[in-house]
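# Secondary and tertiary structure notes
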Amino acid sequence: MTEAILLAGGKGSRLRPVTLRTPKPMVPAAGVPFLAHQLARARAAGVTHVVLATSYLAEVFEPYFGDGSALGMRLTYVTEDRPLGTGGAVRGAADALESGPADPVLVLNGDILTGLDLAGLVRGHLRAGAAVTLHLTRVDDPREYGLVPTDGTGRVLRFTEKPQRPEEIVTDQINAGCYVFRREVIDTVPAGRPVSVERETFPGLLASGALLHGVVDRSYWRDLGRPACFVQASADLVRGVVASPALPGPTGEYLLMPGARIEEGAVLGGGTVVGAGARIGAGAVVEGSVVLDGARVDEGARVHASMLGAGSYVGRGTTVTGAVVGDGARVGAANELDHGARVWCDARIPDAAIRFSPDC
Ligand code: GDD
Ligand code: MG
């Protein structure tokens, strides 16, 4: 049996307003809470018990996922009254683990979509005899991540979380947010106070001479912490660019959830998902977007690479490109929302109130 701890307690600030009412792991990607994809992938890799470490909006997880039996696994919920950071969350979750001291325990950030072979990572960890094995990936701009240089054998040399100074940027290898811990190592993390695995635990283990083993993997990888990434990940799931056992339908250019209504002449594509009870009006075009339950896109509107919150409304002829419309918001007709625009939950934008000007 392999156990996993899933970190699901972050505030999801970079995804606001989507995360004002829904914690990041519960925001639907390709029709189901993103967490469902992660749990299904873990189950497919042989994980049978997952401890969900929750904090922000913790109460919504259990009513949806229950004891996990529908997913063929066991779920235990551990909630921090105040956020204890990634390390504090891991330490708190450890009390619910059943693994022995030398057993491998997976620890997963709750906002990562990846095609990584999890079972292979665990096997490599046991072969290397490491205290912790870290999944690493390469990115063009590593500054927003944990930088993890390794030597020729995969031994981690340093861990620098979100480097500030140019001289700290010594590699394009970053922490991909998926670890295998030897269980007894988790037990050394201090309990009951905030701890960051990235800023405290990993540097501390390295300083004590422990073997941290990095595995660079080039399979699909995306952090869903920002709207553009979230929307792209959902589209990739819908189109089958990355596989998920939790996809609630066949892969294709779009996915309709039960009760979604598409009126005549509307065009959907690019991995768009249309949520339950949502409606796309005649002649509207929706490309590579996430349309959540009960949202409405009126006639002739154009929505591209955007996220429309639950029960939101986009008026006639309005264009929404690379933007987020919060739950219950109403964008009137003939507006132009462009890259980075975020309409707050329940906001009201009158007709023809916003124009996009590329010149200023
Ligand atoms: N339970 C709990 N409590 N979970 C938390 C807390 C907390 O206090 N703080 C964060 N988390 C969870 C988040 O929900 C998320 O699933 C995960 O821990 C990582 O937090 P993020 O806020 O998403 O961190 P990040 O994206 O800035 O950086 C992390 O991920 C990068 C890869 O995407 C770091 O691990 C980086 O080193 C890494 O490169
Ligand atoms: Mg993240």
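Residues numbered from 1 in each chain as written. Chains lettered and ligands numbered in written order. Predicted model: local features only at pLDDT ≥ 70, side-chain atom pairs only at ≥ 80, totals over all residues. Heavy atoms only, no water.

### Regarding the sheet that holds strand β27 (residues 330-331)
The strand order across the open sheet formed by six strands is β15-β18-β21-β24-β27-β30, and the pairing between neighbours is parallel. At either margin of the open sheet sits one strand with a lone partner, and together these are β15 (261-262) and β30 (348-349). Pairing between β15 and strand β18 (residues 279-280): two bridges, direction parallel. Pairing of isoleucine 262 across the sheet is with isoleucine 280, part of β18. (Pairing = 2+ DSSP bridges. Helix = DSSP H or I, 4+ residues; strand = E, 2+ residues; numbered from the N terminus.)

### Description of the state of the cysteines
One pass over the structure, following the stated rule, counts zero disulfides. No disulfide involves cysteine 229; its sulfur sits 18 Å from that of cysteine 178, the nearest cysteine. When its relative accessible area of 24% is taken as the criterion, cysteine 229 is described as partly exposed. With no disulfide of its own, cysteine 345 lies 20 Å from the sulfur of cysteine 229, the closest cysteine sulfur. (Disulfide = S-S within 2.5 Å. Buried < 20%, exposed > 50% of the residue type's maximum accessible area, 1.4 Å probe, protein only.)

### Let's talk about the site of ligand 1
Ligand 1 sits among 27 residues. The nearest are Glu80, Glu161, Asn175, Glu198 and Asp223. Interatomic distance of 2.8 Å between a backbone N/O atom of glycine 10 and an oxygen atom of ligand 1. For ligand 1, whose unbound accessible area comes to 730 Å², protein coverage reaches 91%. Elements that contribute at least two residues to the shell around ligand 1 include exactly α3 (85-94), β11 (173-182) and β13 (221-223). The element best represented in the shell around ligand 1 is α3, accounting for three residues. (Near = heavy atom within 4 Å. Polar contact = N/O pair within 3.5 Å; in protein donor to acceptor, adjacent residues only side chain to side chain. Areas by Shrake-Rupley, 256 points an atom, 1.4 Å probe, with all protein chains shown as cover.)

### Observations regarding helix α7 (residues 227-239)
In this model α7 runs 18 Å from its N-terminal to its C-terminal C-alpha over 13 residues, within 8% of the 18 Å that 1.5 Å per residue would give. For α7, the full list of buried residues reads Pro227, Phe230, Val231, Ala233, Ser234, Ala235, Asp236, Leu237 and Val238. Directly beyond the C-terminal end of α7, a positive phi value near 80 degrees is found at glycine 240. (Expected span 1.5 Å × (residues − 1).)

### Some points on the coordination of the magnesium ion (ligand 2)
In the first shell of the magnesium ion (ligand 2), the protein supplies Asp111 (OD) and Asp223 (OD), at 2.1 to 2.5 Å from the metal. Highlighted residues: aspartate 111 in the loop between β6 (104-109) and β7 (112-114) and aspartate 223 in strand β13, separated in sequence by 112 residues. Grouping residues by exposure puts aspartate 111 and aspartate 223 together as buried. (Donors = N, O, S within 2.8 Å, 3.2 Å for Na, K, Ca; no water.)

### Some points on the domain arrangement of the protein chain
In terms of domains, the protein chain is made up of domain 1 (2-225) and domain 2 (253-349). Listed by partner, the interface residues are 12 residues for domain 1 and 14 residues for domain 2. In this assembly, domain 1 packs against domain 2 so that about 1000 Å² is buried in total across both faces, 66% of it on carbon and sulfur atoms. Looking at the side of domain 1 facing domain 2, the largest losses of area belong to Pro17, Val18 and Arg21, adding up to 47% of the total buried there. Between domain 1 and domain 2 we count one salt bridge in total. For arginine 21, the salt bridge goes to aspartate 346, with nearest N and O atoms at 2.4 Å. Along the contact surface separating domain 1 from domain 2 lie three residue pairs in polar contact (both at pLDDT 80 or more). (Domains from an automatic or database assignment. Contact = heavy atoms within 4.5 Å. Buried area = accessible area lost by both parts, 1.4 Å probe. Salt bridge = Lys/Arg side-chain N within 4 Å of Asp/Glu carboxyl O.)

### Observations regarding helix α6 (residues 197-207)
Within α6 the residues assigned to the buried category are Val197, Glu198, Thr201, Phe202 and Leu205. Mapping the buried residues of α6 onto a view down its axis gives an arc of 105 degrees, with all of them on the same face. Exposed side chains of α6 directed beyond 90 degrees from the buried face belong to Arg199 and Ala207. Glycine 209 lies just past α6 and shows a positive phi near 90 degrees. (Arc of directions from axis to C-beta.)

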